[in-house]
Amino acid sequence: MSLSWTVGMDEMLFYGGIIGAGCILAAAVLYLCISRIQLSKLNAQLNEEYGKREKK
């Protein structure tokens, strides 16, 4: 008696979708972190060149 390690197409699509969604979520978090860092650097540079913004 041998165990069959084959995976059906439906299981491959299911687990592949979960892995794909996880990768997309990780990429989105990474993108948001990088953009937040770049925004803070840009604001620091603009404050240095033009001074702080005056709030109305």
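Structure first, text after, so check above.
Just so it is clear, the model here is predicted, and its values are computed rather than measured.

*Asks:* Sorry if this is basic, but what is going on with the overall build of the protein here?
*Replies:* Each helix and strand counted, the protein has one helix and zero strands in total. Taking 2.2 N^0.38 as the reference for a compact globule, 56 residues should give roughly 10 Å; the C-alpha atoms of the protein span a radius of gyration of 24 Å, well beyond that estimate. Over its C-alpha atoms, taken along the principal directions, the protein stretches across nearly 75 × 20 × 10 Å. Residue burial in the protein is summarised as follows: out of 56 residues, 0% are buried. Split by element, the accessible area of the protein, about 5900 Å² in all, is 66% carbon and sulfur. Distance between charge centroids for the protein: 16 Å, based on 6 positive and 5 negative side chains.

*Asks:* Please explain a nonpolar patch on the surface as it appears in this structure.
*Replies:* Nonpolar side chains collect at one region of the surface, where Val-7, Met-9, Met-12 and Leu-13 lie side by side and expose about 440 Å² of accessible area between them. Residue class for Val-7 comes out partly exposed when judged on its relative accessible area of 48%.

*Asks:* Even after reading the chapter, I still don't get helix H1 (residues 9–50), so can you show me in this structure?
*Replies:* Given a rise of 1.5 Å per residue, 42 residues ought to cover 62 Å, and the 59 Å separating the end C-alpha atoms of H1 matches this to within 8%. Looking one or two residues beyond H1, the residue adopting positive phi is Gly-51, at roughly 90°.

*Asks:* Would you mind going over the environment of Ser-35 with me for this structure?
*Replies:* Topologically, Ser-35 is positioned in helix H1. In the structure, Ser-35 is positioned 17 residues away from Lys-52 in sequence and 21 Å away in space, judged by C-alpha atoms.

*Asks:* Help me out: how do you make sense of the state of the cysteines in this one?
*Replies:* Linking two cysteines covalently through their sulfur atoms gives a disulfide. In this structure the tally under the stated criterion is zero disulfides. The thiol sulfur of Cys-23 is not disulfide-bonded, and the nearest other cysteine sulfur, from Cys-33, lies at 16 Å.

*Asks:* Where do I start with the environment of Glu-54 in this structure?
*Replies:* On the secondary structure map, Glu-54 appears in the segment after H1. With relative accessibility at 76%, the residue Glu-54 sits in the exposed group.

Scoring rules and cut-offs
Residues numbered from 1 in each chain as written. Predicted model: local features only at pLDDT ≥ 70, side-chain atom pairs only at ≥ 80, totals over all residues. Heavy atoms only, no water. Helix = DSSP H or I, 4+ residues; strand = E, 2+ residues; numbered from the N terminus. Rg over C-alpha atoms; globule rule 2.2 N^0.38 Å. Buried < 20%, exposed > 50% of the residue type's maximum accessible area, 1.4 Å probe, protein only. Areas by Shrake-Rupley, 256 points an atom, 1.4 Å probe, with all protein chains shown as cover. Lys, Arg positive; Asp, Glu negative; His and termini not counted. Charge placed at Lys NZ, Arg CZ, Asp CG, Glu CD. Patch = residues over 30% accessible without salt bridge, like charges linked within 9 Å, V, L, I, M, F, W, Y side chains within 5 Å. Salt bridge = Lys/Arg side-chain N within 4 Å of Asp/Glu carboxyl O. Expected span 1.5 Å × (residues − 1). Disulfide = S-S within 2.5 Å.

On their own, these measurements won't tell you what the molecule is for.
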